[in-house]
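Results of the structural survey
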Amino acid sequence: MSDIDSYREKLRPGSLPHFFCPGCGCGQIMNFFLQAADEVDLDFDNLVAVGGVGCTARIPVYLDADALHGIHGRVLPWATGIKLHKPQLDVVVFAGDGGVGAIGGNHFIQAARRNLDVTVIVVNNLNFAMTGGQVSPTTPSGLNTMTTPYGNREERFDLYELAHSAGATFFSRWNTFHYQQATDSIKKALNHEGFSVVEILSQCPTHFGRYALGSGEPTRGMEWIEEKSITISDAHELTGEEKKDKFVLGDFYSEERPVFAGSTVYVEEK
Amino acid sequence: MLGNYALVEGALAAGCDFFAGYPITPANEISERMANRLPAVGGKFLQSEDELCSIYSVTGASLCGAKAMTATASAGFNYMQEGLGYASSVEAPCVIVDVQRCRGENYATQSDVMQMKWGASGDYEVVVLAPSSVQELFDYTVEAFNIAEKYRIPVIVMSETTIALMRENLTIPEPGEIEIEERDRPEVPPEDFLPFSPNDRGVPPMPSFGEGYHTLYSLNPHDEAGNINWDPDTYENMYERVLGKIQDNIDDVSIVEEHFADDADTILVAYGSEFRPAMDATLRARDEGLSVGLLKLGTVWPVPEKELAGAAEAADTVISVEMNVGKYTREVERVCGPRAEVRSVTKNRGSIHTAGEIYSAIKEVS
Amino acid sequence: MSNETLQVQFCGFGGQGIVLSSQIFGTASVRGPKLNAVQTQSFGSEARGGECQAELILSNGTIYSPSADEVDLMVALSQPALNQYEERLKPGGWLVIDPELVTSTGRDDVEVIELEARKVAGELGLELVANMVVLGFLGEATGVFSPEDLFDVIEESVRDKFVELDVEAAKKGMEIARERGISMEVALDESG
């Protein structure tokens, strides 16, 4: 029953209206998730949706499931405690580029290394949006933000490289233009056993759009991201330098590895 | 038994089934024994990547129904303040152990006593227990879990190098002899359930994740339904209840021992390990006919004001004994000051007072 | 209600087995007569080589204060540690030193007992077991615990491969105390 009403039933009573800006990608990505969840029959009684602080972090607040919210960057420690104590629960983390790339970076690395059995949906809007448009670890070099008025002089993180080298067992990246592919990848991630990451590049018209792109038009933000987006196979044709300001999209990989069950697990002596 | 081990045994006796810890001296024996003991009894052990992970994984497990604990020492306790504020705000029961140590060194101190209560941003109440012996590390840890469950709060066991690395006799009661509290559970189906609507103690019944109650646990001000709601009334009411459930039940959560305090001219006030030399000094002074009593604070937060005021009422002098620069003395001064002269006897040299040092202070006022 | 107590302090540097010595002394002591024991320790942030001390109180009554104003018996295995702690020794108390490690003391009102523990341990094949030589020596001289209790506790406290050598070292310490006729009289009656 993939229709809009069935998604609406999955929203927390009394939680609307949402607080996303007009044209923000978070609403779209919440829709992608609801559609994917519906298509894989995700049981919301068995779901814990985890968000930290920021725009993305609000998504769990609108989901009619058990949910955590309100501390910046600690989404994976929460998820670790949950999955260790009740492994049968489905845990989906909604985090921004700040949450996993900056303040929660070490937690992200360690959870990937452990292959914690959770799905992390990273909404990468390329800046700290809720706080007013400051530079983030994924902001492309050279761009202006509220804290890089002379241009960003830092290098950006590639979350795929980060997740892969840390030990994540599933990674996909899309942008909000590619709703069908993004939704499909979320479905795969939900079905994946292990640490799965779906990064979705998302427009932030209010801040990133206005300061970095000079336009608060949501479509302009989407187009700008799409113009810089290439597929994994296209990326193979490019040199490292040529890829530098591109966003590589696709299902990168999926691997199997034992999932985390605690730092030490009792084994009865033979 | 080693103090740190006794604490672990207390936690297990209380039903602890989740532990997370990051290495730090002098709390390591807690993690090490937990790693050994917990998985064997069906619990989960996590060596976290930092103390933030410790406190938040503990919170996550707690909301799933676990009796969860973490342990650290002073520097690590700094990192946990954020999570302490969160656990208090969403009313997640858990136990935090801080084995206080001198900055960067492992020597004995009680210098975190104020941080126990004032370390996190925003408003919160915690119960802080101050054991003085290996036996009390066991007993108070059981009590810490019970208070955490009963009132849905983080409870802190304020340990110290002195007792954590002390070896002395421990008597572990038979399992049936230990009183164990469990959190109140919802008695209504999910559709009728308000996750932050309190029982008569001011404490909301608590479901576990995965039971269909669809509870949102946000740090942000939330109404009884758990929805984020910025409204001054909601905010004010929320914190009134979260603080009130402890303040209104202070007698239930407080542990105070009075030793010869009824009619003494001089009252010593001591907590944690400092009770021990204070007790020796009191006994010695009384042997010599001096009118001296001792108030042992087994809980330092919330401040047991009634007992402090009562003891000060009958006395001329109150001597506050601490192993730091004289921090809790200010609380003693606040409560006892209007009723008696308050003196501070402090030692900030990485070791516990000797009985003789405290006895000398008694002689000065007698 | 005057309880009889014995206050012992071991000091040296990390890695000498200071804490373990006090632990074994205390555990062996409570095996025999009904005594209470409290053992505490302190050390710096270094795992090896830093200053280290452990204190042990034995009593036939309740022990409150874990740190005494004065100690009856001090074992010092490094000069800096002795310098730091020697003022705590009770006048007339016993100071056991290893003359290879400690060459001077500022106290002339205590009974200094020299025990070449490290040398003896070296002759047995491993200098590290010097602390066991000390323990055997103290057990024989004070009579606070029996040899059997000492050996049992050593066996429970150390890794299997060291048990034999440690016990041998302890026996050597006992032998030295006997041969030299050293006796530290300790009055610790069984508690009621």
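Residues numbered from 1 in each chain as written. Chains lettered and ligands numbered in written order. Predicted model: local features only at pLDDT ≥ 70, side-chain atom pairs only at ≥ 80, totals over all residues.

1. What about the overall build of chain A?
As a reminder, the rule being used: Strands are runs of DSSP state E lasting at least 2 residues, helices are runs of H or I lasting at least 4, and numbering of each runs from the N terminus. When we talk radius of gyration, it's over C-alpha atoms, and the globule rule is simply 2.2 Å times the number of residues to the 0.38. Exposure classification rests on a simple neighbour count of other C-beta atoms within 10 Å of a residue's own: a residue reaching 20 or more is buried, one at 12 or fewer is exposed, and one in between is partly exposed. C-beta atoms are placed from the backbone.
The helix and strand inventory of chain A stands at eleven helices and eight strands. What you see for chain A is a C-alpha radius of gyration of 18 Å, in line with the 18 Å of a compact globule of 270 residues. Projecting the C-alpha coordinates of chain A onto the three principal axes gives extents of approximately 65 × 45 × 35 Å. Split into buried and exposed, the 270 residues of chain A put 53% on the buried side.

2. Concerning the interface of chain C and chain B
Heads up, the rule is: Contacts here follow a simple rule: the backbone-placed C-beta atoms of the two residues must lie within 7 Å. Think of it as three bins: nonpolar holds Ala, Val, Leu, Ile, Met, Phe, Trp, Tyr, Cys and Pro, charged holds Asp, Glu, Lys and Arg, and polar takes everything else, Gly as well. Two strands are said to pair when DSSP picks up at least two bridges between them.
Each partner contributes residues to the interface: chain C has 18 residues there, and chain B has 21 residues. Elements that contribute at least two residues to the side of chain C that touches chain B include exactly helix 1 (18-31) and strand 2 (36-43) of chain C. Its residues assigned to classes, the side of chain C that touches chain B comprises six nonpolar, eleven polar and one charged. By the bridge criterion, two bridges tie strand 7 (residues 167-168) of chain B to strand 2 of chain C in an arrangement that is antiparallel. Residue pairing in the sheet places B:R167 in a bridge with C:Q39 of strand 2 of chain C.

3. Regarding helix 1 of chain C
Selection criterion: The length a helix should cover is 1.5 Å for every residue beyond the first.
Its 14 residues give helix 1 of chain C an end-to-end C-alpha distance of 20 Å, which sits within 8% of 20 Å, the value for a rise of 1.5 Å per residue. Taking burial as the measure, the 14 residues of helix 1 of chain C include eleven buried ones, the bulk of the element. Three or more residues of helix 1 of chain C are buried, namely C:I18, C:V19, C:S21, C:S22, C:Q23, C:I24, C:F25, C:G26, C:T27, C:A28 and C:S29. Contact partners of the buried residues in helix 1 of chain C: strand 7 of chain B together with strand 1 (5-13), strand 2, strand 3 (51-59), helix 4 (130-142) and helix 5 (147-157) of chain C.

4. Side note on the interface of chain A and chain B
Contacts between the two partners involve 34 residues from chain A, matched on the other side by 35 residues from chain B. Listed by contribution, the elements that provide at least two residues to the side of chain A that touches chain B are strand 2 (66-69), helix 3 (75-85) and helix 5 (105-114) of chain A. Looking at the side of chain A that touches chain B, the element that brings in the most residues is helix 3 of chain A, giving eight residues. Across the side of chain A that touches chain B, the residue classes break down as 14 nonpolar, 14 polar and six charged. Summarising the sheet, strand 2 of chain A and strand 8 (residues 216-218) of chain B pair through three bridges and their orientation is parallel.

5. Details of the environment of B:S111
Residues and elements named next belong to chain B. Note on placement: S111 falls in the loop between strand 4 (94-100) and helix 5 (115-118). Taking C-alpha positions, S111 is 8.8 Å from E322, a pair spaced 211 residues apart along the chain. Excluding residues within four positions of it along the chain, S111 makes contact with Q100, N324 and K327.

6. Quick look at the domain arrangement of chain B
All names here are of chain B. To be explicit about the condition: The start and end points of each domain follow an automatic or database-based domain assignment.
What the domain assignment lists for chain B is domain 1 (1-253) and domain 2 (257-365). On a C-alpha basis, the centres of domain 1 and domain 2 stand 28 Å from each other. Facing 28 residues of domain 1, the contacting portion of domain 2 comprises 20 residues. Within the residue set of the side of domain 1 that touches domain 2, elements represented by two or more residues are helix 5, strand 5 (127-129), strand 6 (154-160), helix 7 (161-164), helix 8 (232-247) and helix 9 (250-253). Per-element tally for the side of domain 1 that touches domain 2: the top contributor is strand 5, with three residues. Classifying every residue of the side of domain 1 that touches domain 2 by side-chain character gives 18 nonpolar, six polar and four charged.

7. Things to note about the environment of C:Y64
Its place among the elements puts C:Y64 in the loop between strand 3 and strand 4 (71-76). With near-sequence residues (within four places) excluded, C:Y64 lies in contact with B:R276, B:P277, B:M279 and B:D280.

8. Looking at the arrangement of the chains
Counting contacts across all two pairs of chains that touch, the top-ranked interface belongs to chains A and B. The two partners chain A and chain C share no contact, and the minimum distance between any of their C-alpha atoms is 19 Å.

9. Observations concerning the sheet that holds strand 6 of chain B
Paired through backbone hydrogen bonds, the strands of a sheet run either parallel or antiparallel to each other. All names here are of chain B. Put simply, the rule is: Geometry is summarised by axes, namely lines fitted to C-alpha atoms with helices restricted to the contacting stretch, and by angles between N-to-C directions that run from 0 to 180 degrees.
Strand order in the open sheet formed by seven strands is 2-1-3-4-6-5-12, with mixed pairing between adjacent strands. In the strand order of this sheet, the two ends are held by strand 2 (44-47) and strand 12 (299-301), each with one partner. If you compare each strand with its neighbour and ignore which way they point, the axes differ by 20° on average. In this sheet, strand 3 (residues 68-73) lies alongside strand 1 (residues 18-21) in parallel orientation, the contact comprising four bridges. By the bridge assignment for strand 3, F19 is matched with M69.

10. Re the pairing of strand 2 of chain A
All names here are of chain A. Residues D66 and L68 of strand 2 are buried on one face, and the alternating residues A67 and H69, pointing to the opposite face, are buried as well. For strand 1 (residues 47-51) and strand 2, the ladder comprises three bridges, and the chain directions are parallel. In the strand pairing of strand 2, V48 is matched with D66.

11. Description of the packing of helix 4 of chain C against helix 6 (residues 160-180) of chain C
Residue and element names in this part refer to chain C. Inclusion rule: The scheme is simple: roughly parallel for angles under 35 degrees, roughly antiparallel for over 145, roughly perpendicular for 65 to 115, oblique for anything else. By definition, turning the near helix anticlockwise from the far helix through less than a right angle yields a left-handed crossing, and turning it clockwise yields a right-handed one.
Closest axis-to-axis distance for the helix 4/helix 6 pair is 6 Å, and the angle between their directions is 45°. Here helix 6 runs oblique to helix 4, going by the angle between their axes. In this structure, the crossing between helix 4 and helix 6 has a hand that is right-handed. On the side of helix 4, the interface is formed by M132, V133, V134, L135, G136, F137, G139, E140 and A141, while helix 6 contributes D166, A169, A170, K171, K172, G173, M174, I176, A177 and R178.

12. Looking at the sheet that holds strand 4 (residues 119-124) of chain A
Pairing is mixed across the open sheet formed by nine strands, whose spatial order is 7(A)-8(A)-5(A)-6(A)-4(A)-3(A)-1(A)-2(A)-8(B). With one partner strand each, in any of the chains shown, strand 7 (229-231) of chain A together with strand 8 of chain B form the two edges of the open sheet. The mean angle between the axes of side-by-side strands here comes to 20°, regardless of whether they run parallel or antiparallel. Bridge count for strand 7 of chain A against strand 8 (residues 247-254) of chain A is three bridges, and the pairing is parallel. The partner of A:S229 across the bridge, within strand 8 of chain A, is A:F247. Together, strand 4, strand 5 (170-175), strand 6 (196-201) and strand 8 of chain A form the strand contacts of helix 7 (residues 179-191) of chain A, whose direction differs from that of strand 5 of chain A by roughly 160°.

13. Topic: the nonpolar core
The cut-off we apply is this: Only buried Ala, Val, Leu, Ile, Met, Phe, Trp, Tyr and Cys residues enter a nonpolar core, and they are joined through C-beta atoms within 7 Å.
With 256 residues, the main nonpolar core has A:V50, A:V93, A:I121, B:V95 and B:V269 as its most contacted residues. No other element matches the ten residues that helix 6 (residues 134-151) of chain B contributes to this core. Residues lining this core come from more than one domain, with at least three contributed by each of domain 1 (1-253) and domain 2 (257-365) of chain B. A:I121 has contacts with A:I29, A:F33, A:V92, A:V93, A:F94, A:I186, A:V198 and A:I200, leaving out every residue within four places of it along the chain.

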